[in-house]
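Inside the fold
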Amino acid sequence: MARALLGRTLVHDTAPGTVSGRIVEVEAYGDESDPASHARPGPTRRNASMYGPPGHAYVYRSHGIHLCFNVVTGRSGRAAAVLVRALEPIRGLATMARRRGVGDPRRWTPGPGCVGEALGLDRLDDGRDLTGEALWITRLRVRHPGERIVATPRIGIRVGRERLWRFVLVHPGEDRGKVTDGRVGR
DNA sequence: GTATCGATTAGC
DNA sequence: CTAATCGATACA
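I will try to describe carefully the structure that is included in this document. (Residues numbered from 1 in each chain as written. Chains lettered and ligands numbered in written order. Predicted model: local features only at pLDDT ≥ 70, side-chain atom pairs only at ≥ 80, totals over all residues. Heavy atoms only, no water.)

Quick look at the packing of helix H1 (residues 93–100) against helix H2 (residues 112–119)
At a minimum axis separation of 8 Å, H1 and H2 run at an interaxial angle of 120°. Helix-helix and strand crossings are classified by hand; for H1 and H2 the assignment is right-handed. Contacts between H1 and H2 involve Met96, Arg99 and Arg100 on the former and, on the latter, Cys114, Glu117, Ala118 and Leu119. (Axes fitted to C-alpha atoms, helices over the stretch in contact; angles between N-to-C directions. Helix = DSSP H or I, 4+ residues; strand = E, 2+ residues; numbered from the N terminus. Left-handed = near helix turned anticlockwise from the far one by under 90°. Contact = heavy atoms within 4.5 Å.)

Written as structure tokens, this is what we have:
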């Protein structure tokens with residue numbers, strides 16, 4: 001369940017230092033029957049991790065440039081994953097600022113490509129066991145008072161928009177931007 | 001082999 | 001709006 005990831009902390013522990021953030025925006029992707037999923041065409045080299053055991057990372061290259069992080073959620077042989085689209089920075093703030101190249105914390109982890117860059121993900125993180133020592137997600141879920149989960153269509157896709165599989169933690173009165181995210185797709 | 005498009009982002 | 005340019009698809 002994608003919602004179960006919201007409020008948990010995603011941690012990457014590497015040489016430059018530990019970076020972490022609270023997961024505040026996710027999207028669920030399914031198997032061959034989900035027209036928006038990378039698993040739509042069946043197994044390929046890129047999506048291999050989606051077919052692997054749950055609790056591992058699926059890290060893919062987006063538009064030749066960005067690395068985006070998913071948690072594999074389906075049993076082995078059944079593709080399913082949850083894309084982490086946004087974090088609230090917690091640890092390693094200086095490291096995130098350096099990797100992102102900007103000083104404003106709001107620009108460190110506001111999208112999946114930004115998350116990958118701020119975390120310092122590597123192509124080798126694809127398939128990584130999330131119960132290991134380098135990359136993991138906390139058991140604890142932090143929910144602020146009044147915070148709600150909003151479900152919306154997924155961002156940046158052309159097909160499968162009828163499924164409300166994007167989930168966002170929203171503070172009432174605060175984050176209107178998180179709900180719409182500006183885009184409807186192309 | 002070529003052409004085209006994306007679960008994206010930054011910058012005109 | 002476009003460039004960045006990897007990985008996958010469709011097609012010759």
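We are not done yet, so read on.
Observations concerning the protein's contact with DNA strand B
Close to DNA strand B lie 23 residues, the nearest being His38, Asn70, Arg100, Gly111 and Arg158. In this structure, a phosphate oxygen belonging to DNA strand B sits 2.9 Å away from a main-chain N or O atom of Gly113. Of all the elements in the fold, those that place two or more residues in the surface near DNA strand B are strand E3 (57–62), strand E4 (66–72), strand E5 (81–91) and H2. When grouped by side-chain class, the residues that make up the surface near DNA strand B number 10 nonpolar, eight polar and five charged. (Near = heavy atom within 4 Å. Polar contact = N/O pair within 3.5 Å; in protein donor to acceptor, adjacent residues only side chain to side chain. Nonpolar A, V, L, I, M, F, W, Y, C, P; charged D, E, K, R; others polar.)

Observations concerning the protein's contact with DNA strand C
The immediate surroundings of DNA strand C are formed by eight residues, with Pro41, Arg46, Arg61, Gly64 and Ile65 found nearest. Of all DNA strand C atoms lying within 4 Å of any protein atom, the proportion belonging to sugar or phosphate reaches 62%. The backbone of Arg46 places a nitrogen or oxygen atom 2.4 Å from a phosphate oxygen of DNA strand C.

A short note on the packing of aromatic side chains
Taken as a whole and judged by the stated rule, the model has one aromatic pair. Over the ring of Trp165 we find Arg163, and its NZ or CZ is 5.0 Å from the ring centre. (Phe/Tyr/Trp six-rings, centres within 6.5 Å; stacked < 30°, edge-to-face > 60°. Lys NZ or Arg CZ within 6 Å of the ring centre and 35° of its normal.)

Description of the pattern of salt bridges
Scanning all chains against the criterion turns up 11 salt bridges. A salt bridge links Arg22 to Glu147; its shortest N-O distance comes to 2.9 Å. Of the two residues, Arg22 is situated in strand E2 (residues 17–29) and Glu147 in the loop between strand E6 (135–137) and strand E7 (148–152); the sequence distance between them amounts to 125 residues. Comparing Arg22 with Glu147, the two get one shared label, buried. As a salt-bridge pair, Asp104 and Arg106 come within 3.0 Å of each other at their nearest N and O atoms. Classification of Arg106 as exposed rests on a relative accessible area of 69%. Each of Glu25, Glu27, Arg85 and Arg166 takes part in a single network of salt bridges with overlapping partners. (Salt bridge = Lys/Arg side-chain N within 4 Å of Asp/Glu carboxyl O. Buried < 20%, exposed > 50% of the residue type's maximum accessible area, 1.4 Å probe, protein only.)

A look at the nonpolar core
Counting residues in each nonpolar core, the largest one holds 30 residues, and the members touching the most others are Leu10, Ile23, Val26, Phe69 and Ile137. Secondary structure elements with two or more residues in this core: E2, E3, E4, E5, H2, E6 and strand E8 (166–170). If you tally residues by element for this core, the top one is E2, at five residues. Core analysis: the second largest hydrophobic core is formed by 13 residues, Ala36, Met50, Tyr58 and Ile157 among them. (Core = buried A, V, L, I, M, F, W, Y, C linked by side-chain atoms within 4.5 Å.)

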